Each structure stands twice: as C-alpha cells, then as structure tokens.
Amino acid sequence: GINNPRVRLVMHYSAPGNIDQYYQQCGRAGRDGAPAECVLLWSDRELFVTEARFNFLSHSAGKTRAEFLGLARFANAVGCRRAALVR
C-alpha cells in the first residue's frame, strides 16, 4: 500500500475489480485533509471485457451478478463518486 498522506491524485485507467477495491484505492488521496482528486476513466466498451472477466472469476470467488451490475452503475454514474460511495 501507499503510506504517504500527501497524495493529491489517484487515477484509474479502467474499472476497478469491485467497489470495495476502488474505495480503498481512492481513499489514499487527501488523507492529510487537503483537497485531492480521484479520477476513474471508463468506457461502455470496457463493460464487455469486465463482464467476461467477472464471469470467469465469479465461479471461484463467489461473486454475484448483482455485484457486477452495481460496479457498472457506479462506474457510469454522473457526479461525485464519493457521494455514491457514501450512499
């Protein structure tokens, strides 16, 4: 993990594996209370790749389709993702 309280930017170039993983990673920004940003770059085309990966891994990891759909809704949400995480 990153043990630096002065992280100002966390950038994801693809969808996270799950919402908990994203929450942990974006939580590394702004630990010292100063403004910080977390950016998630995501495209709908990625949905197919992520879904295929999810389907492959879900059998051994015990993941549900609802978890995948929740991740897709979160990634496609408009507005502040922190607010969506808190909800």
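Before reading further, recall that the structure is shown in the block above.
Residues numbered from 1 in each chain as written. Predicted model: local features only at pLDDT ≥ 70, side-chain atom pairs only at ≥ 80, totals over all residues. Heavy atoms only, no water.

Chemist: How should I be thinking about the nonpolar core in this particular structure?
Modeler: Generally speaking, nonpolar side chains in soluble globular proteins are found buried as a group. Ranked by size, the top nonpolar core spans eight residues in total: Ala-15, Tyr-22, Cys-26, Leu-40, Trp-42, Phe-74, Ala-75 and Leu-85. Secondary structure elements with two or more residues in this core: helix H1 (19-26) and helix H3 (65-76). Residues contacting Cys-26, with those up to four places away along its chain left out, are Val-10, Cys-38 and Leu-85. (Core = buried A, V, L, I, M, F, W, Y, C linked by side-chain atoms within 4.5 Å. Buried < 20%, exposed > 50% of the residue type's maximum accessible area, 1.4 Å probe, protein only. Helix = DSSP H or I, 4+ residues; strand = E, 2+ residues; numbered from the N terminus. Contact = heavy atoms within 4.5 Å.)

Chemist: Where do I start with the environment of Cys-26 in this structure?
Modeler: Residue position: Cys-26 is located in helix H1. A relative accessible area of 15% means that Cys-26 is categorised as buried. In the structure, Cys-26 is positioned 19 residues away from Val-7 in sequence and 9.9 Å away in space, judged by C-alpha atoms.

Chemist: Mind showing me how you'd approach the pattern of salt bridges here?
Modeler: Close approach of charged atoms allows side chains with opposite charge to pair. Scanning all chains against the criterion turns up one salt bridge. Among the salt bridges present, the one from Asp-32 reaches Arg-8, with a minimum N-O distance of 2.6 Å. With Asp-32 in the loop between H1 and strand E2 (37-40) and Arg-8 in the segment before strand E1 (9-12), this pair connects stretches of sequence that are 24 residues apart. By relative accessible area, which is 38% here, Asp-32 ends up partly exposed. (Salt bridge = Lys/Arg side-chain N within 4 Å of Asp/Glu carboxyl O.)

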